[in-house]
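# Overview (structure and organization)
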Amino acid sequence: FYNAGGNENIARFTENGAVELYYDNVKKLETTSDGAQVDGSATNFTIRSGTASSTAGGLINFKNVDGNGVARDVVRIKGFSDGTGGYGKLTLQTAFNNTLNDCLIVNKDKSIELPNDNAKLQLGAGQDLQIYHNGTHNYINSSNGNIELRHTVGGANEAMFKAFPNGAIELYYDGSKKFETTSGGVSVTGNL
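So, here is what we can say about the structure in this document. (Residues numbered from 1 in each chain as written. Predicted model: local features only at pLDDT ≥ 70, side-chain atom pairs only at ≥ 80, totals over all residues. Heavy atoms only, no water.)

Residues F1, I10, F13, V19, L21 and L29 make up a contiguous nonpolar surface patch of roughly 550 Å² in combined accessible area. Position of L29 among the secondary structure elements: in strand β3 (residues 26-32). L29 sits in the partly exposed class, given a relative accessible area of 32%. (Patch = residues over 30% accessible without salt bridge, like charges linked within 9 Å, V, L, I, M, F, W, Y side chains within 5 Å. Areas by Shrake-Rupley, 256 points an atom, 1.4 Å probe, with all protein chains shown as cover. Salt bridge = Lys/Arg side-chain N within 4 Å of Asp/Glu carboxyl O. Helix = DSSP H or I, 4+ residues; strand = E, 2+ residues; numbered from the N terminus. Buried < 20%, exposed > 50% of the residue type's maximum accessible area, 1.4 Å probe, protein only.)

Take a look at the structure:
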């Protein structure tokens, strides 16, 4: 399909092939053998709610087909206003037993929530560091190496606390070790 002057593409439909959509004779969207592609030097894809609302937003759904041929939700990304004047909120949901559950929420104040008890923030290629809450207590688990709390303000890189597997706990003041557990008790540097 061309514009009225016949000199600009609007859309192209290729049998057994791609569907292409154009803006000002520049291809912006095309179907491919494995999905769709958005093109352009500034690739933008906007989802707008169909209704005017202080909480309007958009959804991106990822689905698969089960053994009975029924489309099932796998992952959903929800972007919407929280109703306070256009401030955005982003929620990532994943499916479990065919039910979508909130897994990650990014709020307007840039805080990040893992909204479920026992949901773990897992870091490292082997998820070696885990931070989580079980509904009653808070945990930091490390499956390898030491756990250290450091202070890096003003170019300093000072230890504040160190915990060693099967070993000592050390406490520091201004980067200097002042207290340490040992196999025989404790060791104090300075006054007690």
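After that view of the structure, there is still more to cover.
Backbone hydrogen bonds hold the strands of a sheet together, and the pairing may be parallel or antiparallel. On the basis of which strands lie adjacent, the open sheet formed by five strands has the order β13-β14-β15-β16-β17 and antiparallel pairing. Strand pairing shows two members of the sheet lacking a second neighbour, β13 (147-151) and β17 (185-188), which therefore form its edges. Averaged over all pairs of adjacent strands, the angle between strand axes in this sheet comes to 15 degrees, irrespective of strand direction. (Pairing = 2+ DSSP bridges. Axes fitted to C-alpha atoms, helices over the stretch in contact; angles between N-to-C directions.)

Attention now moves to the pairing of strand β12 (residues 138-142). The pairing of strand β11 (residues 129-133) with β12 spans five bridges and is antiparallel. Residue Q130 lies in a different strand from β12, and its bridge partner there is N141.

Once that is clear, we can look at the side chain of Q93. In this structure, Q93 sits in strand β7 (residues 88-96). Apart from the residues lying within four places of it in its own chain, the contact partners of Q93 are V74, V75, R76, K78, L100, N101, D102 and C103. (Contact = heavy atoms within 4.5 Å.)

Inspection of the secondary structure assignment puts E180 in strand β16 (residues 176-182). Discounting residues that sit within four places of it in the chain, E180 has contacts with A168, I169, E170, G185, V186 and S187.

Attention now moves to unusual backbone geometry. For N16, which is not glycine, the phi dihedral falls at a positive 55 degrees. Following the sequence through the fold, N16 ends up in the loop between β1 (11-13) and β2 (19-23). A positive phi is found at Q127, a non-glycine position, where the angle reads about 50 degrees. Mapped onto the fold, Q127 is located in the loop between β10 (120-123) and β11.

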